Amino acid sequence: MTRVAILGFAHGHVHAYCTQWRQNPAHDVQVVAGWDHDAARLDAATLAYACAPCATPAELLARKDVQAVVIAAETSLHCELVEQAAAAGKMIALQKPMALTLPQADRMVAAVQRYGVPFTLAWQMRTDPQNVRIKELVQSGELGKILMVRRRHGLGVHTWPTFTTLWHNQPELNRDIWADDASHAIDFIHWLLGVPESVTAEIDTLLDPRVPNDNGIAIYRYLGGPIAEVVCSFTCVAAENTTEVIGEKGSIIQNYGDVPSCNVPRMLENPGLKWFKLETGLWTTSGIPSPSGHGARIAGLAGPLVEFFHGRRPPIATVEEGRTTLRMTLACYVSTREGRRVSLGEEGIAQV
């Protein structure tokens, strides 16, 4: 039995994990304690998961029965909590986005390396079965040289009446919606293709000035190819196509891979994942079902996190990979501000 504690219940995804662990004894995980600076949020969560409330992170981390922590507090608290958890010798699973700034990410990398604790980012897209199949196809060489990748990702946050009041939309806690959620698609590109050479981006506030940077496009260049495009709209209420991979010998198409595509009625019975090969002239479907809704996709990460806690799988994403994804995300702001292609190695990204 692995005993886990929760440092902050602000990020909604953690509730899906706790529910899955509580409902499925086979996971062999018990949530034993929780902390949150918001007393009402702490009371509700500890009641729901029958775990002990702690008054401070230090009190929680001092518990001998806690082997691992999930950090799901507001992004502005991630750095300090990772440093404390690492110093306490706990396994760490951290919700995205990693941090507000690169200097914070550097401190987190240093803490994890110094204390040698197991660490993973909780990137759901890296464990989605369809995404795993996409990566297998890309790496197998079956489609030849990969020339272009497009990942569309979005949310319909403007349909949420209270979104402007939530912590997600407060820059001192979470920067903005691009840094918070475009990071999913950006990390997907990082995971699928590696570290790019440069990025050219356009991010803007197009609908409601209270929700900055609600739409954007980022183009990542890799030396000799491919070109990868991340298209994110957080004013999107419906969509279908999520991923396109163009290779010299075929193409991959994925549907229903985010909230606007998962959570609306599906008028056509398009398969979730299919690919076409030039040599056969045929489409092949993966046979991997698309989740019924985005909540099911989020809950699907509970299992891989368990495997990490039990030592049966490597990190979903290392702390170093998390820093790189953050660099890829923050570079978009430099490109937008200065109107140019930005190298991923530029020092100015650390100033964002």
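Provided above is the structure to which this section pertains.
Chemist: Looking at this structure, how should I read the overall build of the protein chain?
Modeler: Broken down by element type, the protein chain carries twelve helices and 15 strands. Taken over the C-alpha trace, the protein chain has a radius of gyration of 20 Å; the compact-globule value for 352 residues is 20 Å, and the two agree within 12%. Counting every position in the protein chain, which comprises 352 residues, the buried fraction comes to 55%. Pairs at least 24 apart in sequence give 69% of the contacts found in the protein chain among residues at least 6 apart. With the model as given, the accessible surface of the protein chain reaches about 14400 Å², and the carbon-plus-sulfur share is 55%.

Chemist: Hey, could you run me through helix H12 (residues 319–338) in this one?
Modeler: An α-helical turn contains 3.6 residues, so a residue and the one three or four places further along point in the same direction. With 20 residues, H12 extends 29 Å from end C-alpha to end C-alpha; this agrees with the ideal 28 Å at 1.5 Å per step. Turning to H12, its buried residues number three or more, namely Val319, Gly322, Thr325, Leu326, Met328, Thr329, Leu330, Ala331, Cys332, Tyr333, Val334 and Ser335. Positioned one or two residues after H12, Gly339 has a phi angle of 65 degrees, which is positive.

Chemist: How do you make sense of the sheet that holds strand S9 (residues 215–221) when you look at a structure like this?
Modeler: Strand pairs in the sheet, formed through backbone hydrogen bonds, run parallel or antiparallel to each other. Pairing in this open sheet of nine strands is mixed, and the strands run S14-S13-S12-S11-S7-S10-S9-S8-S15 from one edge to the other. Unpaired on one side and paired on the other, strand S14 (282–285) and strand S15 (342–343) mark the two borders of the sheet. Here five bridges tie strand S12 (residues 250–255) to strand S13 (residues 273–277), and the two strands are oriented antiparallel to one another. From the neighbouring strand, Gln254 faces S13, where its bridge partner is Leu273. Across the sheet, helix H8 (residues 177–193) lies against strand S7 (146–154), strand S8 (198–204), S9, strand S10 (227–233) and strand S11 (241–247), angled at about 155 degrees from S7, the strand it touches most.

Chemist: Sorry if this is basic, but what is going on with the sheet that holds strand S5 (residues 91–94) here?
Modeler: Strand order in this open sheet of six strands is S3-S2-S1-S4-S5-S6, and the pairing throughout is parallel. Strands at the two margins of the open sheet, each flanked by one partner only, are strand S3 (52–53) and strand S6 (119–121).

Chemist: Can you help me understand the packing of aromatic side chains in this one?
Modeler: To describe a pair of aromatic rings, you give the distance between the ring centres and the angle between the ring planes. What the rule picks out here adds up to six aromatic pairs. Between Phe9 and Tyr49, the ring centres sit 6.4 Å apart and the planes meet at 25 degrees, which makes this aromatic pair stacked. A residue pair is termed long-range when its members are at least 10 positions apart, and Phe9 in the loop between strand S1 (2–7) and helix H1 (13–23) and Tyr49 in the loop between helix H2 (39–48) and S3 qualify at 40 residues. Accessibility assignment for this pair places Phe9 and Tyr49 in one class, buried. Both rings, one in Tyr17 and one in Trp21, keep their centres 6.2 Å apart while their planes meet at 35 degrees; by these two values the pair is tilted. Within this pair, Tyr17 and its partner Trp21 are both found in helix H1, separated by four residues, close to a single helical turn. One Lys or Arg, Arg266, reaches over the ring of Tyr256 and ends 4.3 Å from the middle of that ring.

Chemist: Help me understand the pattern of salt bridges in this model?
Modeler: Working definition: two side chains of opposite charge can pair if their charged atoms are close together. Enumeration over the complete set of coordinates arrives at 19 salt bridges. One salt bridge connects Lys96 with Asp181, and the closest N-O pair in it is separated by 3.3 Å. Of the two residues, Lys96 is situated in the loop between S5 and helix H5 (102–115) and Asp181 in helix H8; the sequence distance between them amounts to 85 residues. Exposure class is identical for Lys96 and Asp181. Each is buried. Between Glu338 and Arg340 there is a salt bridge, and its shortest N-O distance comes to 2.7 Å. Among the ionic contacts, a cluster of salt bridges with common partners joins Arg337, Glu338, Arg340 and Glu346.

Chemist: What am I meant to see in the nonpolar core here?
Modeler: A general feature of soluble globular proteins is that nonpolar side chains tend to end up buried together. Core analysis: the largest hydrophobic core is formed by 109 residues, its most contacted members being Trp21, Val69, Trp178, Tyr220 and Phe309. Looking at this core element by element, the count peaks at ten residues for H8. Leave out the neighbours within four places in its chain, and Phe309 touches Thr2, Val4, Trp21, Ala68, Val70, Met91 and Ala93.

Chemist: Would you take a moment to explain the environment of Ala44 for this structure?
Modeler: In this fold, Ala44 is placed in helix H2. For Ala44, a relative accessible area of 48% corresponds to the partly exposed category. With 159 residues separating them along the chain, Ala44 and Ile203 place their C-alpha atoms 37 Å apart.

Chemist: Even after reading the chapter, I still don't get the side chain of Asp187, so can you show me in this structure?
Modeler: For Asp187, the location among the structural elements is in helix H8. Once residues lying within four places of it in the same chain are set aside, the contact partners of Asp187 are Trp123, Arg126 and Thr325.

Chemist: Please clarify how the pairing of S10 should be interpreted in this entry.
Modeler: Regular strands place side chains that alternate from one sheet face to the opposite one. Summarising burial for S10: five of the seven residues are buried, a large majority. For S7 and S10, the ladder comprises seven bridges, and the chain directions are parallel. Across the sheet, the residue bridging to Arg150 is Glu229, located in S10. Judged from the seven bridges that link them, S9 and S10 form a sheet pairing that is antiparallel. If you follow Gly216 over to S10, its bridge partner there is Cys232. Taken together, S9 and the strand that follows it, S10, pair antiparallel across an intervening segment of five residues, in which Gly224 is found at a positive phi of about 80 degrees.

Cut-offs applied
- Residues numbered from 1 in each chain as written.
- Predicted model: local features only at pLDDT ≥ 70, side-chain atom pairs only at ≥ 80, totals over all residues.
- Heavy atoms only, no water.
- Helix = DSSP H or I, 4+ residues; strand = E, 2+ residues; numbered from the N terminus.
- Rg over C-alpha atoms; globule rule 2.2 N^0.38 Å.
- Buried < 20%, exposed > 50% of the residue type's maximum accessible area, 1.4 Å probe, protein only.
- Contact = heavy atoms within 4.5 Å.
- Areas by Shrake-Rupley, 256 points an atom, 1.4 Å probe, with all protein chains shown as cover.
- Expected span 1.5 Å × (residues − 1).
- Pairing = 2+ DSSP bridges.
- Axes fitted to C-alpha atoms, helices over the stretch in contact; angles between N-to-C directions.
- Phe/Tyr/Trp six-rings, centres within 6.5 Å; stacked < 30°, edge-to-face > 60°.
- Lys NZ or Arg CZ within 6 Å of the ring centre and 35° of its normal.
- Salt bridge = Lys/Arg side-chain N within 4 Å of Asp/Glu carboxyl O.
- Core = buried A, V, L, I, M, F, W, Y, C linked by side-chain atoms within 4.5 Å.

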